[in-house]
Amino acid sequence: MRKILFTMLVFAAAFLSGFAFKSVISKQNKQTIKMKKVTGIGGIFFKCKDPKKMTAWYQQHLGLNTNPYGASFEWYEGADSTKKAQTQWTPFAETTKYFEPSTKDFMINYSVENLESLVEELTKNGVIIVDTIETYDYGKFVHILDAEGNKVELWEPKG
């Protein structure tokens, strides 16, 4: 009788341990899945000899609705037709230092969620963070270097 009771207790403990372990693993996997990094292309930036002339050319010939920063393309994120997003197109002077330390003539801006957490994770993984997070009325920004030393801008849109 004791042997049967002991065996049942061992099986019950093993079952409950397995269930608890599976539950912990499940929660960890759900957290990993929930963490979004890049949510879209926030902008395309490139160097040119005359940014104002380039902006005017694109406005005249391709119909871009330009502003002092270039042009913004609005779109809706996923199936939620109320969540507006945008992609920025901006020509920079060919002498700009904004893309440094990269030597490329372009820089991509990625929109991200939860920039602070992402920077912590990137730092832990040895990614070079070029500067500190800066906050503006339209979002938060930070710059990193990719595996080939290209400067990448990360942007968490406001709201």
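Residues numbered from 1 in each chain as written. Predicted model: local features only at pLDDT ≥ 70, side-chain atom pairs only at ≥ 80, totals over all residues. Heavy atoms only, no water.

Caption draft 1: Spatial organisation of the environment of I108. Note that I108 resides in strand 5 (residues 106-112). Classification of I108 as partly exposed rests on a relative accessible area of 25%. Linking I108 and F45, residues 63 residues apart in sequence, is a C-alpha distance of 6.2 Å. (Helix = DSSP H or I, 4+ residues; strand = E, 2+ residues; numbered from the N terminus. Buried < 20%, exposed > 50% of the residue type's maximum accessible area, 1.4 Å probe, protein only.)

Caption draft 2: Here's a closer look at the nonpolar core. Of all hydrophobic cores here, the largest spans 9 residues; its members are V112, L115, L118, V119, L122, V142, I144, V152 and L154. If you list the elements that add at least two residues to this core, you get helix 3 (115-124), strand 7 (139-145) and strand 8 (151-157). The element best represented in this core is helix 3, accounting for 4 residues. Counting 5 residues, the second largest nonpolar core, distinct from the first, contains F46, L64, A71 and W89. (Core = buried A, V, L, I, M, F, W, Y, C linked by side-chain atoms within 4.5 Å.)

Caption draft 3: Here's a closer look at the pattern of salt bridges. Counting across every chain of the model gives 4 salt bridges. Measuring nitrogen to oxygen at the nearest pair gives 3.3 Å for the salt bridge that ties K84 to E74. Note that K84 is positioned in strand 4 (residues 84-93) and E74 in strand 3 (residues 70-76), a separation of 10 residues in sequence. Put simply, E116 and K140 hold a salt bridge, and the shortest N to O gap is 2.8 Å. Remark: K140 occurs in strand 7 and E116 occurs in helix 3; sequence separation between them is 24 residues. (Salt bridge = Lys/Arg side-chain N within 4 Å of Asp/Glu carboxyl O.)

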